[in-house]
Amino acid sequence: MSMPRPPGGGHDARHLLGRLRELLAGEDQGADRLQSVVKLIADTVVADVCSIYVRTPDNSLLLVATEGLSQEAVNRTRLGENEGLVGLISSTARPKRLKNAPAHPRFSYRPETGEDPYHGFLGVPILRAARVLGVLVVQNMVERLYTDEDMDELQTVAMVLAEILSAAGEKNDDLELRQPGSVKLKGRPLNEGMAIGPVYLHDPVVTAARFFAYDIEKESQRLDVALDTLRQSIDTMLNRATPVLFGESRDVLETYRLFAHDPGWEMRLHDAIKAGLTAEAAVDRARREHRARIASSRDGYLRERLHDLEDLENRLLRHLSGSEDGEISGPEPGSILIASRLGPAELLEYREAGLAGVLLEEGGAGSHAAIVARALGLPAIGDVSGLVSRSDAGDQMIIDADSGIAYLRPEEELVANYRARIVLSGEHKAELARLRDLPAETKDGQSFQLMLNAGLSFDLDHLEETGAEGVGLFRTEFQFLTSQTLPSLETQVEFYDNAITRSGDKPLVFRTLDLGGDKVATFIGGEREENPALGWRALRMAMDHPFFFRRQLRALIRAAGERPLQLMFPMVCNIAEFDAARELVDAEVEWAQKFNRATPSRIEIGAMVETPSFAFSIDALKGRAEFLSVGTNDLMQFFFAADRNNPKVSGRYDILSPAALLMMEHIVKAAARAEIPVSVCGEAGGRPLEALVLACLGYRRFSMQAARIGQIKRLIRSMDLAVIAPKVVELVHSGKSEIREELLNLAKENVPVSFDR
Ligand code: PEP
Ligand code: MG
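Throughout this document, residue positions are counted from 1 along each chain, in the order its sequence is written. Labels are handed out in written order, letters beginning with A for the chains and numbers beginning with 1 for the ligands. For a predicted model such as this one, the threshold for reporting local features is a pLDDT of at least 70, and the threshold for listing and counting side-chain atom pairs is 80 or more; totals across whole chains, interfaces and linings nevertheless cover every residue. Calculated side-chain values reflect all of the structure's heavy atoms, with hydrogen atoms and water omitted.

**Observations regarding the overall build of the protein chain**
This is how the line gets drawn: Secondary structure counts use DSSP, requiring at least four H or I residues in a row for a helix and at least two E residues in a row for a strand, with both numbered from the N terminus. Buried residues are those whose accessible area, probed at 1.4 Å on protein chains only, stays under 20% of the maximum for their type, while exposed residues exceed 50% and partly exposed ones sit between those limits. Any pair of residues with heavy atoms lying within 4.5 Å of one another is described as a contacting pair. The Shrake-Rupley method, run with a 1.4 Å probe, gives the accessible areas here. Residue values count only the displayed protein chains as cover.
The helix and strand tally for the protein chain stands at 27 helices and 22 strands. Buried residues in the protein chain amount to 55% of all 757 residues. Contacts in the protein chain between residues at least 24 apart in sequence constitute 68% of all its contacts with a sequence separation of at least 6. Accessible surface for the protein chain amounts to roughly 32,300 Å². Of this, 50% is attributable to carbon and sulfur atoms.

Below, the structure written as structure tokens:
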């Protein structure tokens, strides 16, 4: 056993990197190379032990090189996924330093390594992209707390090691470091559709070839140039007169600007270059730190800011990895974009890139990226855990956003299968497009109105292409959600004006702000609620913020000018709320008249039926509302007391159950008694079986996502209501507890279309 070494310190990081570079340029390959690396590190940081553990395909951690522990243990000692301190570092992807390692509850003793006398401990994960490839450890016999510089330095070395290991893994099957074969990933569908294409990583990867600086002066200059370009591009974005997306987040960009000009950040990057890294590696180094901090931070505000920084670093890396003339290489057309998350305007920046799909590690149905993906018509899946760490640029991927599944590096058979499905769905779409100009009329002559749900200006492109009769639900909060600050009166006017103009002669129903619940705008403060879906949201919030709400009403009235205006309130719970909101509209009209401003030729005001209490208030609404629209998404969540955003419960209850259908029937009948036209604008109206059943109960107007219109029109044109409606109604009233299967059979027997969702 060697003599314990006194702890080191004050060594030169540049020296270590320089030696590492020489070593990599030398003859040693494979295991010899790793052995030389551990020896070099042990010497430089004056450690008694330096070891590398590599994560194997079964997720255990294999000791592959060591200086100081018994050589017998190499390629033999294997720790379980969560075993010991090494397992802890690997599973948390975070470094760990301890003065006295054996005292730590997670310390695991392996006699074959001869490890017992070692106390001082520092281990860092070997990360590539966000994937843990292994763990690098240094140990000392004496108690020693490694310094911040030691940790910094070891992390830099680990970054280089990640590249060596992944290169070694490509040549050596024992070191299974290549990504495992086909991987099935699951997430939440954000926008339906299927595609096959190569992976394009939103977060740039720095390759091994770009790690060591040969000419420090030149690297510093490259960094300066890239920083300049970055700052300029952010300034340009910030000054851009007409943002592509309304409310494009000026605040986010302001923060970028502040960060981008932060001298502390710039200095750290330059320091890393002085230590021997290239400009890319220096930025990557900073990015890893920020990522690690994001992973460990619970403070929402701090996480957001760290994400901003990471974002900025990604941008900087893209500038650095651009060709000499500064061109940034984007995705090839047909690529599938993979990102941990995307900010409000980022997906829009890929608008011209011809992407085939999007997968996000974070990001639910209400996320900004989901909203934009829908507007751009891109198949998209969110909440895919383990996505970024498992994907490499150029990997083939299938995205099946209808089922919320993606396959990375799929088998050929599966690719062939999906290709066939995609061709079929293309043919299907073409067939549906042919229906565009045909009326939505049943075989027995009953007319239906099919409308579009929209929320961004792109959505209105679908009006023409689907042949929708108008916009039955325009979710105005999207403009607010994609903005970091409260949109000004002028911005709102411009947005609504544009929407009214683009819908031409077709009617357009603006739903007033429906914020709160899962739709949280960053600029609205307020306390965290235990139960946000049942909390301070939608109309409740609007009425408590009359200034805020009136500003929206004023913008809507001003945007309409002399054109007719249709408004609808979300989440109304009782008549008094509806009346109070309506009074505010009247007050705004009076205000406009007082100042001799144009006012709409006609204003129609409706309410969404989204709460059971309001469903049973319809009789009293006679003469007070011009129309109603059933928001089945919320209505069902409240009816069944099942959070629509919680996957554990959201799929548990069925609108096609007798209880829910009896309420839906009550609503349509009550609306008829009160002589108020009623539509359905929740997702159910866009699903064939649900739409058929609702049609049988008496609904004649449906508003839905663009992609659903063709299918529902074909359904309507294929059915004979006089034949099927009585059978459906009978089943609903049969007293049975479950009827979905029977409804499906009835539908299949009577209407020759597919009832797949
Ligand atoms: C609904 O609740 O059904 C609805 C259409 O509104 P949103 O989905 O926007 O809450
Ligand atoms: Mg709703």
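Back to the text.
**Details of the sheet that holds strand β9 (residues 194–201)**
What counts, and what does not: By this definition, two strands are paired if DSSP reports at least two bridges between them. Axes here refer to lines fitted to C-alpha atoms; in helices the fit is confined to the stretch in contact. Angles between the N-to-C directions go from 0 to 180 degrees.
Taken together, eight strands build an open sheet; the order of strands is β7-β14-β13-β9-β10-β11-β12-β8 and the sheet is mixed. What marks the edges here is a single partner per strand, and that holds for β7 (183–186) and β8 (188–191). Taken pair by pair, the neighbouring strands of this sheet meet at an average axis angle of 25°, ignoring direction. Against the sheet, helix α13 (residues 412–434) contacts β9, β13 (396–400) and β14 (405–408), and its axis sits at roughly 120° relative to β9.

**As for the site of ligand 1**
Test applied: Nearness here has a simple test: a residue counts as near a molecule or strand if at least one of its heavy atoms is within 4 Å of that partner. In protein, a polar contact means a hydrogen-donor-capable atom and an acceptor-capable atom, both N or O and within 3.5 Å, with residues adjacent in sequence counting only if both atoms are side-chain atoms; elsewhere, any N or O pair within 3.5 Å suffices. Lys, Arg, Asp and Glu make up the charged group, whereas Ala, Val, Leu, Ile, Met, Phe, Trp, Tyr, Cys and Pro make up the nonpolar group; the residues left over, Gly among them, are polar.
Near ligand 1 there are 14 residues, and of these Arg475, Arg511, Glu610, Asn633 and Arg644 occur at the shortest range. The side chain of arginine 475 places a nitrogen or oxygen atom 2.7 Å from an oxygen atom of ligand 1. Between an oxygen atom of ligand 1 and a main-chain N or O atom of glycine 631, the distance comes to 3.4 Å. Out of a free accessible area of 290 Å², ligand 1 has 99% covered by protein chains. Counting residues per element, the ones that place at least two in the shell around ligand 1 are β16 (471–475) and α21 (632–639). A per-element tally of the shell around ligand 1 places α21 first, with three residues. Of the residues assigned to the shell around ligand 1, the class counts are three nonpolar, four polar and seven charged.

**Describing the nonpolar core**
For clarity, the threshold we go by: For our purposes a nonpolar core is just a set of buried Ala, Val, Leu, Ile, Met, Phe, Trp, Tyr and Cys residues, chained together by side-chain atoms within 4.5 Å. By convention here, the domain bounds are inherited from an automatic or database domain assignment.
Phe510, Leu628, Met664, Ile667, Leu692 and Tyr699 are the most contacted members of the largest nonpolar core, which totals 127 residues. Split by domain, this core shows at least three residues from each of two domains, domain 2 (183–204 + 329–427) and domain 4 (437–719). Leu24, Leu122, Ile164 and Leu317 belong to the second largest nonpolar core, which has 60 residues in total.

**Details of helix α27 (residues 740–750)**
To be explicit about the condition: Summarising the geometry, the arc corresponds to the directions from the helix axis toward the C-beta atoms.
For α27, the full list of buried residues reads Leu743, Leu744, Leu746 and Ala747. Down the axis of α27, the sector holding all buried residues measures 165°, keeping them to one side. Away from its buried face by more than 90 degrees, α27 exposes Glu741, Lys748 and Glu749. In this structure, the buried side of α27 is in contact with α23 (658–673), α24 (688–697) and α26 (721–732).

**Some points on helix α7 (residues 263–274)**
Threshold: By this rule, a helix spans an expected 1.5 Å times one less than how many residues it contains.
Look at α7: 16 Å from first C-alpha to last across 12 residues, which is about the 16 Å you get at 1.5 Å a residue. Buried within α7 are the following residues: Trp265, Leu269, His270, Ala272 and Ile273. End-on, the buried residues of α7 take up no more than an arc of 155°, which puts them together on one face. Facing away from the buried side of α7 by more than 90 degrees, the exposed set consists of Pro263, Met267 and Lys274. A side-chain oxygen of the first residue of α7 lies 3.0 Å from the backbone nitrogen of glycine 264; this N-cap is aspartate 262.

**So, the packing of aromatic side chains**
Rules: Note on ring pairs: Phe, Tyr and Trp rings are taken, using the six-membered ring of Trp, and paired if centres are within 6.5 Å. Classes follow the plane angle, with under 30 degrees stacked, over 60 edge-to-face and the rest tilted. Placement of a charge over a ring requires the Lys NZ or Arg CZ to be within 6 Å of the ring centre, with the centre-to-atom vector within 35 degrees of the ring normal.
The tally for this structure, following the rule as stated, stands at 13 aromatic pairs. Arranged with centres 5.7 Å apart and planes meeting at 65°, the rings of phenylalanine 569 and phenylalanine 578 form a pair that is edge-to-face. Residue classification places phenylalanine 569 among the buried positions, given a relative accessible area of 0%. Here phenylalanine 578 falls in the buried class, since its relative accessible area comes to 0%. Ring geometry for phenylalanine 640 against tyrosine 653: centres 5.0 Å apart, planes inclined by 10°, an arrangement best described as stacked. Pair noted here: phenylalanine 640 is in the loop between α21 and α22 (647–650) and tyrosine 653 is in the loop between α22 and α23, with a separation of 13 residues, a long-range link. Every member of this aromatic cluster is reached through a ring pair, and the members are Phe474, Phe495, Tyr496 and Phe510. Against the face of tyrosine 418 rests arginine 421, its NZ or CZ located 4.5 Å from the ring centre. Over the face of the ring belonging to tryptophan 591 we find arginine 554, whose NZ or CZ atom lies 3.7 Å from the ring centre.

**What about the coordination of the magnesium ion (ligand 2)?**
Angles at a metal have ideal values that depend on geometry: 109.5 degrees with four tetrahedral donors, 90 or 180 degrees with six octahedral donors. To be explicit about the condition: For Na, K and Ca the donor cutoff is 3.2 Å, while for all other metals N, O and S atoms must lie within 2.8 Å; water is not among the atoms, so some sites may look incomplete.
At this site the magnesium ion (ligand 2) is bound by Glu610 (OE) and Asp634 (OD), with donor distances of 2.0 Å. One end of the pair, glutamate 610, is in the loop between β19 (603–609) and α20 (612–615); the other, aspartate 634, is in helix α21, with 24 residues separating them in the sequence. There is no split in this pair, since glutamate 610 and aspartate 634 are both buried.

**Side note on the sheet that holds strand β5 (residues 120–128)**
One open sheet holds the six strands; their spatial order is β3-β2-β1-β6-β5-β4, and the pairing between them is antiparallel. With partners counted over all chains shown, the strands left at the sheet margins are β3 (78–79) and β4 (96–98), one partner each. Sheet contacts for helix α2 (residues 30–45): β1 (49–55), β2 (61–67) and β6 (131–140); angle to β2, the most-contacted strand, approximately 60°.

**Focus: the packing of α21 against α23**
Condition: By definition in this entry, angles of less than 35 degrees are roughly parallel, angles greater than 145 are roughly antiparallel, angles of 65 to 115 are roughly perpendicular, and the rest are oblique. By the definition used in this description, the sense in which the near helix is turned from the far one sets the handedness, with an anticlockwise turn below a right angle giving left-handed and a clockwise turn giving right-handed.
Close contact between α21 and α23 brings their axes to 11 Å; oriented N to C, the two are set at 125°. Regarding the angle of α21 to α23, the classification is oblique. α21 and α23 meet at a crossing whose hand is right-handed. Residues Thr632, Leu635, Met636 and Phe639 of α21 form the contact with α23, whose participating residues are Ala659, Ala660, Met663, Met664 and Ile667. Residues that form the contact of α21 with α23 fall into these classes: eight nonpolar, one polar and no charged.

**Things to note about the side chain of histidine 270**
As for its position among the elements, histidine 270 is in helix α7. There is a polar contact of 3.0 Å between the side chain of histidine 270 and the side chain of aspartate 224. Those residues in contact with histidine 270 that lie beyond four places of it in its chain are Ser220, Leu223 and Asp224.

**Remarks on the pairing of β13**
Within β13, four of the five residues are buried, which leaves it mostly tucked inside the rest of the structure. Judged from the five bridges that link them, β9 and β13 form a sheet pairing that is antiparallel. Across the sheet, residue alanine 195 finds its bridge partner in β13, namely isoleucine 399. Pairing analysis gives four bridges linking β13 to β14, with the strands arranged antiparallel. Note that in β14 the partner of aspartate 400 across the bridge is isoleucine 405. Taking the residues between adjacent antiparallel strands as the criterion, β13 and β14 are bridged by four residues, where glycine 404 takes a positive phi near 70°.

**Looking at the environment of histidine 666**
Assignment of secondary structure puts histidine 666 in helix α23. With 48 residues separating them in the primary sequence, histidine 666 and isoleucine 618 have C-alpha atoms 9.6 Å apart.

**Section: the pattern of salt bridges**
Note the threshold: Salt bridge, as applied in this entry: a Lys or Arg side-chain nitrogen positioned within 4 Å of an Asp or Glu carboxyl oxygen.
Per the stated rule, a full pass over the model turns up 35 salt bridges. We note a salt bridge from aspartate 514 to arginine 537, for which the minimum N-O separation is 3.6 Å. Of this pair, aspartate 514 sits in the loop between β17 (508–511) and α17 (538–544) while arginine 537 sits in the loop between β17 and α17, placing them 23 residues apart in sequence. Residue aspartate 514 is classed as buried on the basis of its relative accessible area of 1%.

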